[in-house]
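Report on the structure
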Amino acid sequence: MLQAIKRAPEALIFLSFLGLYVLSLAPDVTWGGGDSPRLALAVHDLALGYDPTAHPIYVLVAKAWSILVPCGSLPWKLNLLSAVAGSAALVIFYRACTRLCRDRFFVVLACLALGLSHTFWTLSVITEVYTFDLLFILGLTLLILRWVERPTRRALYGLCFLLGLGTADHLMVLLVGPALLVALAGKILQGDFRPGAAGLALAALSFLLGLSPVLVIILATMPAGFGACDLSAAFAAFLNLQALRPLSPEGAADLRDHLHFQWDAPAELVLLVGLNFVGVSCFAGLAGLAQSIRRMSLKSAVVITATGFLYLFALLHPVVDTYQFCLAGHATGALLLPAGFEWLLSVIGRHTRAGAGTTKRVVLLLVLLTPPLIYAGLPLASKGLGVSLFNARSLPHRDNAWYFLFPPKTMDRGARQYIDESFAQAAGGAAIIGDFTPAMLLAYASQAEGNRPDVEVVTVLGNVDRHFEEIEKRLGERPVFVAGAQGSASTVSRRWYVFEDDLRKRYEVREKRPLLEIVGRGNGGGTVAPPRRGR
């Protein structure tokens, strides 16, 4: 294997991980926190929007991909796109690592550690946008490292354009910008680069040119006779702000509410990093960070800056609930692994009699085998101890321990089973009201696959009061069902999720699993129970 690594490392990395991800690929639509069916529906409809969840570049690429791939359902094709994007991102990661470490063996170890990490593996086998985003994030990081070696104006303009294009797809890509500023400031201070005012202006223009898809989409969706206020509101929506008034007291409050910091978030982030880089990879990461700080160079500063800002983005959200936001930080931070592995093996060589070749083989086996074994054992341990590492809401046909802790999704057909059973229970012309995750599954099946087009699927994005508002609008006019209602033992927030006991305090409820049918208004505690069937 060591010889194969030397001959064709990039092809070996791409094909090996593509094979792994295809073997562990989800066969159909998955829960994906509701995002997987939402993205599949957007690709089906070619829905190009400009809000932060629209990802227009991804939708365009995925639409072309779905046309070019000759076989399989749309969800499977998009799952495969995630696998290809993840494998390609690892090739870019390999090239970036070679700018920081000359020994290709340690670089390959870093690729293995990242490619087998929990979040990277998980998001490479389902429909999600994050491995696609890594093409921008790691591509930008690689190009910045190359630019540090040979700074030119043309390369700077290209970097700014790519930064704008990536930002048009996902705001997270913009967080690589500070790393570019660090590289630019460093080369200017070293006297190796003089952009001048005109050069900086062209760089800013290049960024705006890359961002132009957002402006095109905004202009295309504006009503006739729109004005500056309409454009301001549209850009505010793109930036995910409630209003474009950041300097006012009200705007500052909106910003604080959106970017809320939780003091337990750093501890959760540390746990997630440990979950992703297990065993020897975790020690190598700490060693790599220490070595990079001790031997600080401009390239190390670029990597550490990018990683810091990307992790900061994750810290400003509920870390465990939105663990996928940490993937970009994991990927750029893993660029420090080769230095850590190199230091670790040198220490082992000084304190043991084992030869260098033997030590390398042992470390290679540990990096290869530890993650799959840990991830296979974690769900069993979690269920055996009764401890939930991810405080996820319960859903029918989804075993949270296996779904969240075990990256392979080959056997995951729970989402399809939920769709089939829900539509089998819904009466003709019914309305199914649910929060984002279950409702988006049903909306995708209804709108993209034509499954039960007579059923109205209502997705509630607000707090739980919105559920009751939507029920009241339709009750008495058509059959009403609720999807995703939580049992009283659930530990998720009653502010965001509707609970069965709260429904029964207001309505007469009939169980039609996995749905609940709202039969009528009750006096509190009303429940109409169907005859029990064996299970």
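Scope of this entry: the structure provided in the associated data block. (Residues numbered from 1 in each chain as written. Predicted model: local features only at pLDDT ≥ 70, side-chain atom pairs only at ≥ 80, totals over all residues. Heavy atoms only, no water.)

Quick look at the overall build of the protein
Counting its regular elements, the protein contains 25 helices and six strands. Burial analysis of the protein (535 residues in total) assigns 51% to the buried set. Excluding contacts between residues fewer than 6 apart, the proportion of contacts in the protein whose partners are at least 24 apart in sequence is 71%. As displayed, the protein offers around 24100 Å² of accessible surface, 63% of which is attributable to carbon and sulfur atoms. (Helix = DSSP H or I, 4+ residues; strand = E, 2+ residues; numbered from the N terminus. Buried < 20%, exposed > 50% of the residue type's maximum accessible area, 1.4 Å probe, protein only. Contact = heavy atoms within 4.5 Å. Areas by Shrake-Rupley, 256 points an atom, 1.4 Å probe, with all protein chains shown as cover.)

Structural notes on a nonpolar patch on the surface
On the surface, Leu46, Leu48 and Leu60 cluster together to form a nonpolar patch covering roughly 230 Å² of accessible area. The residue leucine 60 is located in helix α4 (residues 56-68) in this model. The class of leucine 60 is partly exposed, set by a relative accessible area of 43%. (Patch = residues over 30% accessible without salt bridge, like charges linked within 9 Å, V, L, I, M, F, W, Y side chains within 5 Å. Salt bridge = Lys/Arg side-chain N within 4 Å of Asp/Glu carboxyl O.)

Some words on the packing of aromatic side chains
Applying the stated criterion to the full structure yields twelve aromatic pairs. A ring pair is formed by tryptophan 31 and tyrosine 418, whose centres lie 5.1 Å apart and whose planes are at 55 degrees; its orientation type is tilted. Linking tryptophan 31 in the loop between α2 (9-23) and α3 (35-45) with tyrosine 418 in helix α22 (residues 414-425), this pair joins segments that are 387 residues apart in sequence. Accessibility classification places tryptophan 31 together with tyrosine 418 in one group, the buried group. For the pair phenylalanine 313 and phenylalanine 325, a centre-to-centre distance of 5.2 Å together with 55 degrees between the ring planes defines the contact as tilted. (Phe/Tyr/Trp six-rings, centres within 6.5 Å; stacked < 30°, edge-to-face > 60°.)

Describing the layout of surface pockets
With a probe scaled to a water molecule rolled over the atoms, the places where space remains empty come into view. Volume-wise, the second largest pocket comes out at about 440 Å³. Taken together, the elements giving at least two residues each to the lining of the second largest pocket come down to α15 (265-276), α16 (280-294), α17 (298-315) and α18 (327-333). With five residues, α16 is the single largest residue contributor to the lining of the second largest pocket. Per-class residue counts for the lining of the second largest pocket are twelve nonpolar, seven polar and no charged. (1 Å grid on protein atoms, 1.4 Å probe; cavity = no way out; pocket = protein on both sides within 12 Å on 5 of 7 lines; lining within 4 Å. Points joined across faces, edges and corners; volume = space filled by probe spheres on them. Nonpolar A, V, L, I, M, F, W, Y, C, P; charged D, E, K, R; others polar.)

Concerning the pattern of salt bridges
Counted according to the given criterion, the structure contains 23 salt bridges. With its nearest N and O atoms 2.8 Å apart, the salt bridge here joins glutamate 456 to arginine 478. Linking glutamate 456 in strand β2 (residues 456-460) with arginine 478 in the loop between α24 (464-474) and β3 (480-483), this pair joins segments that are 22 residues apart in sequence. By relative accessible area, which is 27% here, arginine 478 ends up partly exposed. In the salt-bridge network here, residues are joined through shared partners; they are Glu456, Arg466, Glu470, Lys473, Arg474 and Arg478.

Section: α15
In a regular helix each residue adds 1.5 Å, so twelve residues correspond to 16 Å; α15 covers 16 Å between its end C-alpha atoms and thus fits that length. Every buried residue of α15 is listed here: Ala265, Leu269, Leu272, Leu275 and Asn276. Seen end-on, α15 carries its buried residues on one side only, within an arc spanning 120 degrees. Summarising the geometry of α15, the exposed residues directed more than 90 degrees from the buried face are Val270 and Leu271. (Expected span 1.5 Å × (residues − 1). Arc of directions from axis to C-beta.)

Thoughts on helix α23 (residues 436-447)
Counted at 1.5 Å a residue, the expected span for α23 with its twelve residues is 16 Å, and the 15 Å between its end C-alpha atoms agrees. With ten of its twelve residues buried, α23 lies for the most part within the structure. Within the span of α23, buried status applies to Thr437, Pro438, Ala439, Met440, Leu441, Leu442, Ala443, Tyr444, Ala445 and Ser446. For α23, the secondary structure elements touched by its buried residues are α3, α5 (74-98), α22, β1 (431-435), β2 and β3.

Examining the packing of α3 against α23
Where α3 meets α23, the closest approach of the two axes is 8 Å, and the angle between their N-to-C directions is 30 degrees. Taken together, the axes of α3 and α23 lie roughly parallel to each other. In the packing of α3 onto α23, the handedness of the crossing is left-handed. Of the residues in α23, those touching α3 at Asp35, Pro37, Arg38, Ala40, Leu41 and His44 are Phe436, Met440, Leu441, Ala443, Tyr444 and Gln447. Grouping the amino acids of the contact of α3 with α23 by side-chain chemistry returns eight nonpolar, two polar and two charged. (Axes fitted to C-alpha atoms, helices over the stretch in contact; angles between N-to-C directions. Parallel < 35°, antiparallel > 145°, perpendicular 65-115°, else oblique. Left-handed = near helix turned anticlockwise from the far one by under 90°.)

Section: the pairing of strand β4 (residues 507-512)
Only one face of β4 is covered, namely the one carrying Tyr507, Val509 and Glu511; the face carrying Glu508, Arg510 and Lys512 has none of its residues buried. Note that β4 and strand β5 (residues 515-521) share six bridges and pair antiparallel. By the bridge assignment, glutamate 508 is partnered in β5 with glycine 520. Taken together, β4 and the strand that follows it, β5, pair antiparallel across an intervening segment of two residues. (Pairing = 2+ DSSP bridges.)

Here we look at the environment of alanine 431
Along the chain, alanine 431 falls in strand β1. Along the primary structure alanine 431 and glutamate 517 are separated by 86 residues, whereas in three dimensions their C-alpha atoms are 9.9 Å apart. Ignoring sequence-local partners within four residues, the contact set of alanine 431 consists of Glu456, Arg474, Arg478, Pro479, Val480 and Phe481.

Some words on the pairing of β1
Burial analysis of β1 places five of its five residues in the buried class, which makes it a mostly covered element. The sheet contact formed by β1 and β2 spans five bridges and is parallel. Looking at β2, one finds that aspartate 435 is bridged to valine 460. Once the chain exits β1 it traverses α23 before rejoining the sheet at β2, and the crossover so formed is right-handed. Sheet topology note: the β1/β3 ladder contains four bridges and is parallel. Note on β3: the bridge partner recorded for isoleucine 433 is valine 482. (Right-handed = clockwise from strand over helix to strand, strands pointing away.)

Some details on the environment of phenylalanine 93
Structurally, phenylalanine 93 is set in helix α5. Note on phenylalanine 93: relative accessible area 0%, which makes it buried. Sequence-wise, phenylalanine 93 and alanine 331 are 238 residues apart; in three dimensions their C-alpha atoms are separated by 7.8 Å.

None of the figures reported here should be taken as evidence of function without further support.
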